[in-house]
Amino acid sequence: MQRSVVIFVLAFSAAAWALDNGLMRTPPMGWLAWERFRCDTDCLNDPDNCISEHLFMEMADRLSEDGWRELGYVYINIDDCWSSMQRDSQGRLQPDPKRFPRGIAHLAQYVHDRGLKLGIYGDMGTHTCGGYPGTTLDKIETDAQTFADWGVDMLKLDGCYSNSSYQEQGYPMMSKALNATGRPIAYSCSWPAYQGGLPPKVNYTLLGQICNLWRNYDDIQDSWDSVMSIVDWFFDNQDVLQPAAGPGQWNDPDMLIIGDFGLSLDQSRAQMALWAIMAAPLFMSNDLRTISSDARAILQNKIAIGINQDRLGIQGRRLIKEKNGIEVFWRPLAKGSSALVFLSRRSDMPYPYKTSLKELSYKTGVYEVYDVFSEKLLPQMKDSTEFVVSINPSGAVMWYVNPVAEWWKEAEPGRFSEKLIGPKFHQHHNEVDAPLVL
Ligand code: GLA
C-alpha cells in the first residue's frame, strides 16, 4: 500500500512537471529568421526581406524543394516582430494584419503541407525584446492555447522585460500550459541566458524537465568573433553544460550563420563541426533563396549532420586547448564511433598538428577515419600511430572515427555511416606505423 502511494506521488509529480511531449530526441534542425532578417518590418521598401508570411512561405518552399527537409531541416521558425502591437478583443495575440494578412493558422497549414513544422516566438515578460506584446503570467494559458489552435509546433519563449522571480514562475507554467493543450509543441526556453547560464542561478535539472532546448548564452552575430566567444563560453563551462544535454533536452548555442556575410569557408566548416560536437540544435539563419553552393555543401554535409544527430545524444567536450592556438574536441557516438574536431585559432598559415589517437585517450585498437569535409577515407591507423593533421587558420578539420573490429562486427544495414560511405570504407587495410601526413 505504502509503495503504491509513493509510486502514485512520483507519477503525479512527473505528470505535473515533466515536459512530457516526446519531442526532439535528437537536436532539432531547421531555419530561424532572427539573425539574418532581424526586425525588418519595412515591407513597403523591402518586400522580399521583411518579416512577413511571404518570407516564411519562400523559405518553406526552399526547405522542401532544395533537399533540406530530407536531411532533417524541418522547422521553419518565426522570431520576434511578427505580432500586432495590440492583442485582440479577447486578449489573444494576433499577427500584424498587413504582414501576415492570412494569419498564422494559414501559414502553419502551408508549412505542414510541405512536410515541415512551424515555430513561433513569445516572451515571458511585458514585452518582447523588440517591444511587441509579451506573455504576462495571466496570459500564459491563453497564449499556449492560441498557438495550439493555430497549429504551431514549437515555441521560443524569450525573457526580455522580465525578472528572475517572474521567470521562475512563468517558464514552468508555460511548459504545463503547452502540455495541457494536447498538441505536441516543442519548447525553447531563453530563461538560462537571462540568468547568466550557470548554477546556482540556473537549475539544469529543472530545465531538462520543462524545456526541450534552452539558450544559455549571448546572441550570435554575423562574425567569427561571435562564434568563438560562444564556443569559448560553452567549452569553458562544459562540466556544467555537458551533463545537462540528452535526448529531448538540448543546450542551444544559437543559430548557424553559415551562408551569411561574416564567415569564410573555413570558418563556416568550423561552425558546422563545433555545433555537431556540441549536439547543438541546427537552426540556420540565412537566405536560402540565394545561398552559395559552398555554404549549402557544408550545411548539407551528411556525415556532419549524422554526427550532430547521433541517437545517444551525448554532448561532446573540449579535450585539449594548446597554447599554440590548436584545440581538440571529441564526441562519443553510438556503436563505439566518435567524432574529433581539430580547431585552429591561429592567423598565420595551415598548422601541422602532430598527435595520435592514443594521446587523445583512444583505446588500444585499429581505427578507420573519415575526413568529414574533404570527404576522404584515410588509411587505417592504430591508436599509437602518430599522424599530422593540417588545420587552416580559423578553420577546423573534422574526423568521423570508427574502431575497425566493432565496425566489422556490428555494421548493420541502414546505419548512416555505412550507407553513406559504403564500400569505400573497405578499401584500405594497410596499417601504418610511420607518422601520416594527412
Ligand atoms: C533576444 C534573443 C534573440 C532574438 C531577439 C529578438 O535578443 O536572444 O535570439 O529572439 O531577442 O528580439
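In this text the structure is predicted, and so the values were computed from the model without any measurement.

Trainee: Before we go on, may I ask you to explain the side chain of Glu327 in this structure?
Mentor: With respect to the element layout, Glu327 can be found in strand E10 (residues 326-332). Polar contacts involving the side chain of Glu327 include one to the side chain of Arg345, which spans 3.1 Å. Residues within four places of Glu327 in sequence aside, it is in contact with Arg318, Ile320, Lys321, Val341, Phe342, Leu343 and Arg345.

Trainee: Explanation requested: unusual backbone geometry in the structure shown.
Mentor: Note: most residues except glycine have negative phi, and most peptide bonds are trans. With an omega of 5°, the peptide bond between Pro199 and Pro200 qualifies as cis. Positive phi, close to 90°, is recorded for Asp254, a residue that is not glycine. The residue Asp254 is located in the loop between strand E7 (250-252) and helix H12 (265-277) in this model. Its identity is not glycine, yet Lys335 carries a phi of approximately 60°, on the positive side. Within the secondary structure, Lys335 sits in the loop between E10 and strand E11 (338-344).

Trainee: Honestly, the sheet that holds strand E1 (residues 29-32) in this entry has me stumped. Any pointers?
Mentor: Hydrogen bonds between backbone atoms are what pair the strands of a sheet, whose relative direction is either parallel or antiparallel. An order of E7-E6-E5-E4-E3-E2-E1-E8 is seen for the eight strands of this open sheet, with the pairing classed as parallel. On the outer flanks of this sheet lie E7 and strand E8 (282-284), each paired with one strand and no other. Taking the axes of each pair of neighbouring strands and ignoring which way they run, one obtains an average angle of 25° across the sheet. Looking at chain direction, strand E4 (residues 154-158) and strand E5 (residues 186-189) are connected through four bridges and run parallel. Within E5, the residue paired with Lys156 across the bridge is Ser188. With respect to the sheet, helix H7 (residues 164-181) is in contact with E4 and E5, its orientation differing from that of E5 by roughly 170°.

Trainee: Looking at this structure, how should I read the site of the ligand?
Mentor: Around the ligand, the neighbouring residues are Trp34, Asp79, Asp80, Tyr121, Cys129, Gly130, Lys156, Asp158, Arg215 and Asp219. Contact distances for the ligand include 2.9 Å between an oxygen atom and a side-chain N or O atom of Asp158. At a separation of 2.5 Å, an oxygen atom of the ligand approaches a polar side-chain atom of Asp219. Here the ligand loses 90% of its free accessible area of 310 Å² to cover by the protein chains.

Trainee: Is there a simple way to explain the pairing of strand E9 (residues 317-321) in this structure?
Mentor: Residues in a regular strand point their side chains to alternate faces of the sheet. Sheet topology places E9 next to E10; four bridges connect them, and they run antiparallel. Note that in E10 the partner of Lys321 across the bridge is Glu327.

Trainee: How do you make sense of the nonpolar core when you look at a structure like this?
Mentor: As a rule of thumb, nonpolar side chains are buried together in soluble globular proteins. Counting residues in each nonpolar core, the largest one holds 115 residues, and the members touching the most others are Trp31, Tyr73, Trp82, Tyr187, Met272, Trp275 and Met398. No other element matches helix H10 (residues 224-236), which puts eight residues into this core. Among all residues touching Trp82, those that are not within four sequence positions of it are Ile51, Leu93, Gln94, Pro95, Asp96, Arg99, Phe100, Ile104, Ile120, Tyr121, Phe147 and Trp150. Listed in part, the 18 residues of the second largest apolar core include Ile326, Met381, Phe387 and Val389.

Trainee: What should I look at first to understand the packing of helix H3 (residues 53-65) against helix H5 (residues 103-113) in this one?
Mentor: The relative placement of two packed helices comes down to the angle between their axes together with the axis-to-axis distance. The geometry of H3 relative to H5 is characterised by a closest axis approach of 10 Å and an angle of 10° between their N-to-C directions. Regarding the angle of H3 to H5, the classification is roughly parallel. Facing Glu53, Phe56, Met57, Ala60 and Asp61 of H3, the residues of H5 in contact are Gly103, His106, Leu107, Tyr110 and Val111. Residues of the contact of H3 with H5, tallied by class, amount to six nonpolar, two polar and two charged.

Trainee: Mind showing me how you'd approach H12 here?
Mentor: Three- or four-residue spacings in an α-helix give side chains the same orientation, since the helix completes a turn every 3.6 residues. In a regular helix each residue adds 1.5 Å, so 13 residues correspond to 18 Å; H12 covers 19 Å between its end C-alpha atoms and thus fits that length. Of all 13 residues in H12, ten are buried, a share of seventy percent or more. Within the sequence span of H12, burial applies to Gln267, Ser268, Ala270, Gln271, Met272, Ala273, Leu274, Trp275, Ala276 and Ile277.

Trainee: Quick question: what am I supposed to make of the packing of H10 against H12 here?
Mentor: At a minimum axis separation of 11 Å, H10 and H12 run at an interaxial angle of 25°. When the interaxial angle is binned, H10 and H12 end up roughly parallel. For the element pair H10 and H12, the recorded crossing hand is left-handed. Contact residues: H10 offers Trp224, Val227, Met228, Ile230, Val231 and Phe235, while H12 offers Gln267, Ala270, Gln271, Leu274, Trp275 and Ile277. Split by residue class, the contact of H10 with H12 holds ten nonpolar, two polar and no charged.

The rules we used
- Residues numbered from 1 in each chain as written.
- Predicted model: local features only at pLDDT ≥ 70, side-chain atom pairs only at ≥ 80, totals over all residues.
- Heavy atoms only, no water.
- Helix = DSSP H or I, 4+ residues; strand = E, 2+ residues; numbered from the N terminus.
- Polar contact = N/O pair within 3.5 Å; in protein donor to acceptor, adjacent residues only side chain to side chain.
- Contact = heavy atoms within 4.5 Å.
- Pairing = 2+ DSSP bridges.
- Axes fitted to C-alpha atoms, helices over the stretch in contact; angles between N-to-C directions.
- Near = heavy atom within 4 Å.
- Areas by Shrake-Rupley, 256 points an atom, 1.4 Å probe, with all protein chains shown as cover.
- Core = buried A, V, L, I, M, F, W, Y, C linked by side-chain atoms within 4.5 Å.
- Buried < 20%, exposed > 50% of the residue type's maximum accessible area, 1.4 Å probe, protein only.
- Parallel < 35°, antiparallel > 145°, perpendicular 65-115°, else oblique.
- Nonpolar A, V, L, I, M, F, W, Y, C, P; charged D, E, K, R; others polar.
- Expected span 1.5 Å × (residues − 1).
- Left-handed = near helix turned anticlockwise from the far one by under 90°.

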